[in-house]
Amino acid sequence: MDKSYSEYRAEDIQILEGLEAVRKRPGMYIGSTGTRGLHHLIFEVVDNSIDEALAGFCDYIEVTIHRGNAVTIADNGRGIPVDIHPQVGRPALEVVLTRLHAGGKFGGTLYKISGGLHGVGVSVVNALAEWMEVEVKREGYRYRQAFRRGEPVSELELLGEADDTGTRVTFKPDPKIFEEVEFQYDIVHKRLRELAFLNAGITLVLRDERSGKEKVFQHAGGIRDYVRHLNLHKEVLPEDPIYIQDSKQGIFAEVALQYVNADRELILSYANTIHTVDGGTHESGFKAALTRTINDYARKHNLIKNGAFTGEDIREGLTAVINVKVPEPQFEGQTKTKLGNSEVRGVLDWVVSQMLTSYLEEHPAEARRIVQRVILASRAREAARRARELTKRKNFLEHSTLPGKLADCASRDPRRTELYLVEGDSAGGSAKQGRDREFQAVLPLRGKILNAEKARRDKLLGNEEIRALITAIGTGIMEDFELSKARYHRIIIMTDADVDGAHIRTLLLTFFYRYMKPLIDAGYVYIAQPPLYKVTPKKGKKEVTYLYSDEQLESFLREMGRDFHIQRYKGLGEMNPEQLWETTMNPASRTMLRVTLEDALAAEQLFSTLMGEQVEPRREFIQCHAREVRNLDI
Ligand code: 0RA
């Protein structure tokens, strides 16, 4: 890209301290040394490339996962500077890679991605890499330097001439630091797609040399495309998402929104590309403006008699993505996922009021339909409230006795207790025998009956399986939901590793997402990870090993080299109670996945596609995935 903008001088880089601190306490810098921290290494480097893009110097970023788990991040930004740093007397590249430094000082980037877990610097990645190699093209030349565990192992070398610019970082995570060094395609995929939505105009490419998978992310429509993607295969209003964008007081703000025919509300907010899971001032400014603007419009056009719509009525069925760029973001809360800058609230409120008012005035047909939707939501809420008071629904949810199929646990302390949702009666039997009945409860569910689940609430409550589930969990659903009434703080979905199992998991996640969303927000929902394989040596001591993925099996066989008998589990029913306990239920030895809102949302989207009103997307999906589905069911 254009070199004439390079205003950076080496003395801009502030030096703080060496990297021993990072290797001593990696968690302090990257959050954890588990899967999350591992992937953070990639995202840290990508964030640096995104910073180049935000500063206007980069529009292409490529991530390659190599065999053996090294990874390359390449961009076409200005390239890390290579001139000699005046204080240190070393090339700036070496300084950037070997010293912790203060962010926000380089090259006059307007919106640096910093705060939260991000923004710790490429040097942190270097420190936690077994080895790293950095190649830079800058000012007509190509350079290279290599490192090991954060220390340079070569001088900065001049490799030759170059007619473009960019940075290419390749590293292998240090197995001495990380418990797990296998990069997961899906995690990287998710983040790169998100970054492509948040930065319209940038092309991100993901390549996985282990599997040959490759994906290009490029969304000219930015967050409008994001909203379309979230609402895929749903009935939407308006046809094109409403898009709002403006800059005020150095703060850039954009919002895209659209309604769907459902009763959930989905607002995703971002600040400097960080997903602010706990919201913050950008979200509250947006909500305030949305409520006021819709009420003002309805009043002005005599669509509302007296009173006002509540924010909840107005947000029913809403999908919105909020994206702000703030020069000095403050992230609050334990997980640093809440935007704190108070000036942002006013900016969002102003920008959204102004532009949404214009939109409504200029699109009277859409505006009327939106208000009508809100009126329906408001009436439904009112009717539901009255019905609740009059009928036995509340009684049913609160006082009905526990379902007969539930094998409850002895403890009544929800912080300790777990509920296993198990597919089918036979696996249910093994789980009941294998569990620790002190704190583990088991509820067997029958897949076929669950299949009758329909979006309508009354139908839903008529379903016996669903009723058993609701009473066992104890929280009630939707407006009646009360987290404090949860009878278990871990609700664990345990299904077979086949198509039916995947189907039931999708159904359950969709149900939780639509009717008990706070349960997911609270982190109470888990997916059990039963082993896929049991291997026993053919000769010698018959020591049994359980393996949980194809990758694990492969590396186990590669390392051990001996002859093994391999059994692939087709279902939970093939394990006896002791095996099920040891491999999947025993807290001391099991692994579980905690379900995130994104996981549940993805399940809900899959469910809409498969079960929704629209036939065409379902046919397409089944045709597209027929092969994978067959492969799954071995
Ligand atoms: C320090 C200063 C400048 C850019 C960078 C570092 C930089 C780091 C990375 C990491 C991956 N890709 C990157 N691209 C750039 C500013 C350079 C200037 O002002 O010319």
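Chemist: Would you take a moment to explain the sheet that holds strand E25 (residues 564-568) for this structure?
Modeler: Sheet strands associate in pairs through backbone hydrogen bonding, adopting either a parallel or an antiparallel arrangement. Spatially, E24-E23-E25 is the arrangement adopted by the three strands of the open sheet, whose pairing is antiparallel. Of all the strands in the sheet, the pair left with one neighbour each is strand E24 (545-547) and E25. Here the strands of the sheet are splayed against their neighbours by 25° on average, with no regard to which way each runs. Pairing of strand E23 (residues 533-537) with E25 involves five bridges; the strand directions are antiparallel. Paired with Val535 across the bridge in E25 is Ile566.

Chemist: I tried to follow the pairing of E23 on my own but got confused; where do I start?
Modeler: Remember that side chains alternate between the two faces of the sheet whenever the strand is regular. In terms of burial, E23 is largely enclosed, as five of its five residues are buried. Burial along E23 is two-sided: Tyr533, Val535 and Pro537 and Lys534 and Thr536, pointing in opposite directions, are all buried.

Chemist: What is the right way to read a negative patch on the surface from this model?
Modeler: Together, Glu179, Glu180, Glu182, Asp550 and Glu551 make up a negatively charged patch on the protein surface. Looking at where Glu179 falls in the secondary structure, it is placed in the loop between strand E9 (166-173) and helix H6 (185-198).

Chemist: I tried to follow unusual backbone geometry on my own but got confused; where do I start?
Modeler: Glycine aside, the phi torsion of most residues is negative, and most peptide linkages are trans. Omega for the bond connecting Leu237 with Pro238 falls within 30 degrees of zero, at -10°, which places this linkage in the cis form. Locating Pro238 in the fold gives a position in strand E12 (residues 236-248). Positive phi, normally seen in glycine, also occurs at Arg149, with a value near 45°. The backbone of Thr273 sits at a positive phi, close to 70°, despite the residue not being glycine. Of note, Thr273 is situated in the loop between strand E14 (266-271) and strand E15 (274-275).

Chemist: Would you mind going over the nonpolar core with me for this structure?
Modeler: Within soluble globular proteins, side chains that are nonpolar tend to cluster in buried spots. Ile42, Val63, Ile73, Leu97, Val134, Phe171 and Leu192 are the most contacted members of the largest nonpolar core, which has 49 residues in total. Here the element with the most residues in this core is helix H3 (residues 35-54); it accounts for eight residues. Those residues in contact with Leu192 that lie beyond four places of it in its chain are Val46, Val63, Leu204, Val205, Leu206 and Phe217.

Chemist: What is the right way to read the sheet that holds strand E20 (residues 440-445) from this model?
Modeler: Strands sit in the order E20-E19-E21-E22-E26 across an open sheet of five strands; the sheet is mixed. Each end of this open sheet is capped by a strand with a single partner; those strands are E20 and strand E26 (592-594). Sheet twist, expressed as the average angle between the axes of neighbouring strands with direction ignored, equals 25°. By the bridge criterion, five bridges tie strand E19 (residues 418-423) to strand E21 (residues 490-494) in an arrangement that is parallel. Bridged to Leu421 within E21 is Ile493. Packed on one face of the sheet, helix H16 (residues 464-473) meets E19, E20 and E21 and runs near 165° to E20.

Here is what the cut-offs are and how they apply
- Residues numbered from 1 in each chain as written.
- Predicted model: local features only at pLDDT ≥ 70, side-chain atom pairs only at ≥ 80, totals over all residues.
- Heavy atoms only, no water.
- Pairing = 2+ DSSP bridges.
- Helix = DSSP H or I, 4+ residues; strand = E, 2+ residues; numbered from the N terminus.
- Axes fitted to C-alpha atoms, helices over the stretch in contact; angles between N-to-C directions.
- Buried < 20%, exposed > 50% of the residue type's maximum accessible area, 1.4 Å probe, protein only.
- Patch = residues over 30% accessible without salt bridge, like charges linked within 9 Å, V, L, I, M, F, W, Y side chains within 5 Å.
- Areas by Shrake-Rupley, 256 points an atom, 1.4 Å probe, with all protein chains shown as cover.
- Salt bridge = Lys/Arg side-chain N within 4 Å of Asp/Glu carboxyl O.
- Lys, Arg positive; Asp, Glu negative; His and termini not counted.
- Charge placed at Lys NZ, Arg CZ, Asp CG, Glu CD.
- Core = buried A, V, L, I, M, F, W, Y, C linked by side-chain atoms within 4.5 Å.
- Contact = heavy atoms within 4.5 Å.

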